[in-house]
Amino acid sequence: MGYARRDGELCADAVPLATIAAGVGTPAYVYAWSVVRDRYRCLEAALDGVDHRVCYAVKANSNLAILARLGELGAGYDIVSGGELERVLRAGGDPGRVVFSGVGKSLADIDFGIKAGIDAFNVESASELGRLEARARLLGRRARVSIRVNPDVDADTHPYIATGLKESKFGVPPGQAVELYRRAFASAHLDVAGIDCHIGSQIADIEPFRMALTALLELVDALGRDGIVLDHIDIGGGFGITYEDEPALDLDALGDVLRTTLGRRTLQLRVEPGRYLVADAGILLTRVEYLKPAPASGYRNFAVVDAAMNDLVRPALYQARHAVEPVVDGDGAGGRWDVVGPVCETGDFLALDRELELNEGDLLAIRTAGAYGFVQSSNYNTRPRVAEVLVDGDEFAVVRKRETVADLLRLESAR
Ligand SMILES: *Cc1c(COP(=O)(O)O)cnc(C)c1O
């Protein structure tokens, strides 16, 4: 299951990608459910024997079908906006399994979270704690609080996705966290629930997680001596995966280290994986519109495809490398190709300098695009966002229709 070639054709589970392209058109995001389910099970196995909860980071891929199915597997959710909470509720997710992260929760976000009865607010500043308490008082409710601690751990990842360093905007330092817990503990409108951190994304080493957990546990133990008892400890997400040839995080080894580091404490361990669960499940399916082979030496070979940076911005934004595979075994012009889109930016590329045999009209799969793919897409160049398709076994369904230009213009007026 997952992505494999059968008779020279790339398939998602049992469905040839060419069949999806014929039925739905291109570009399209395709998600193979079997891959998400397998990842979820691997994670469950790695954490076996520890009281734990997986809170899926909704921002990685927030399609309702993915959210609904993960909920059925037992996942909770880590959200970063009121919009994501709306999605979780629409997908039938349990608000009692939702944690709410983010440095800039608005009044509306906080009220929505309190009224929906989410499990915990991952509070990121003293001001946010004050706002949360004020809103809970006003609404006559109690809000459950976790303080996001910034453990100042270097996760050795791309600077845009490192979030656990002193200079990052996220969380509060351990010393300040103690003050915030005292305030929350003394409040008639707040309940102390847990402690959390999230040190970055695409982390391949175990050591940063061990250091972060150790830093959080020191706080937990210190708070315990003051009679402030937490029910969970959340080490965030950021589990690294393989896009091309990078080493992936060894989850079983991580599980062992977490188990050992937690020792005999009775806290529930929480993790907030996004990318790990969904990245490999997705591809961006695109078609070659034009080939522009280098006219002379010093020029490059361009394959202009119908998907662009507005559909998948990771290569332009993070210098990300996604593997590119022909959907049907190639018999076209061999060579090293830059796979570029129609958008008017030199940064509009999906892959550079790839050995491919191409004909105009060929279908390509941009691999490992299930996380931070569709969710980061935009309408730049007035390009409607593409369709999303979910494959399960030998069936597929459009789980988000392709936008039309009319959809884009609906909210606009000329005067
Ligand atoms: C983005 C994010 C995650 C998920 O990160 P991945 O690298 O996709 O696992 C988890 N928790 C928080 C608070 C986040 O902001």
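Residues numbered from 1 in each chain as written. Predicted model: local features only at pLDDT ≥ 70, side-chain atom pairs only at ≥ 80, totals over all residues. Heavy atoms only, no water.

Undergrad: Can you break down the overall build of the protein residue by residue, with the values?
TA: Tallying secondary structure elements over the protein gives 12 helices and 20 strands in all. At 23 Å, the protein has a C-alpha radius of gyration in line with the 22 Å of a compact globule built from 415 residues. Reported as C-alpha extents along the three principal axes, the dimensions of the protein are approximately 70 × 55 × 45 Å. Residues classed as buried in the protein amount to 53% of the 415 residues present. Sequence-distant contacts, at least 24 apart, represent 70% of the contacts inside the protein between residues at least 6 apart. For the protein, the computed accessible surface area is about 17600 Å², with 49% contributed by carbon and sulfur atoms. (Helix = DSSP H or I, 4+ residues; strand = E, 2+ residues; numbered from the N terminus. Rg over C-alpha atoms; globule rule 2.2 N^0.38 Å. Buried < 20%, exposed > 50% of the residue type's maximum accessible area, 1.4 Å probe, protein only. Contact = heavy atoms within 4.5 Å. Areas by Shrake-Rupley, 256 points an atom, 1.4 Å probe, with all protein chains shown as cover.)

Undergrad: Break down the pairing of strand β9 (residues 143–148) for me, citing the residues and quoting the values.
TA: With 5 of its 6 residues buried, β9 lies for the most part within the structure. As judged from the 3 bridges shared by strand β8 (residues 120–123) and β9, these two strands associate in the parallel manner. Across the sheet, the residue bridging to V123 is I147, located in β9. For the handedness criterion, the β-α-β arrangement of β8, helix α6 (residues 126–139) and β9 is classed as right-handed. Alignment of β9 against strand β10 (residues 190–196), held across 6 bridges, turns out to be parallel. Within β10, the residue paired with R148 across the bridge is D196. (Pairing = 2+ DSSP bridges. Right-handed = clockwise from strand over helix to strand, strands pointing away.)

Undergrad: Give a detailed account of the nonpolar core, specifying residues and quantitative values.
TA: The tendency in soluble globular proteins is for nonpolar side chains to be buried side by side. Counting 121 residues, the largest nonpolar core has L17, V30, Y56 and I233 as its most contacted members. For this core, the element with the highest residue contribution is helix α8 (residues 207–225), accounting for 8 residues. For L17, the residues in contact, after removing those within four places along its chain, are Y3, L10, C11, A12, V30, I283, L285, V327 and A365. (Core = buried A, V, L, I, M, F, W, Y, C linked by side-chain atoms within 4.5 Å.)

Undergrad: Account for the site of the ligand, naming residues and giving values.
TA: In the vicinity of the ligand, 14 residues are found, and the nearest of them are K59, S201, E272, R275 and Y372. At 2.3 Å, a side-chain N or O of S201 approaches an oxygen atom of the ligand. Interatomic distance of 2.8 Å between a backbone N/O atom of R275 and an oxygen atom of the ligand. In isolation the ligand offers 390 Å² of accessible surface; the protein chains occlude 94% of this area. Of the residues in the shell around the ligand, the class split is 3 nonpolar, 6 polar and 5 charged. (Near = heavy atom within 4 Å. Polar contact = N/O pair within 3.5 Å; in protein donor to acceptor, adjacent residues only side chain to side chain. Nonpolar A, V, L, I, M, F, W, Y, C, P; charged D, E, K, R; others polar.)

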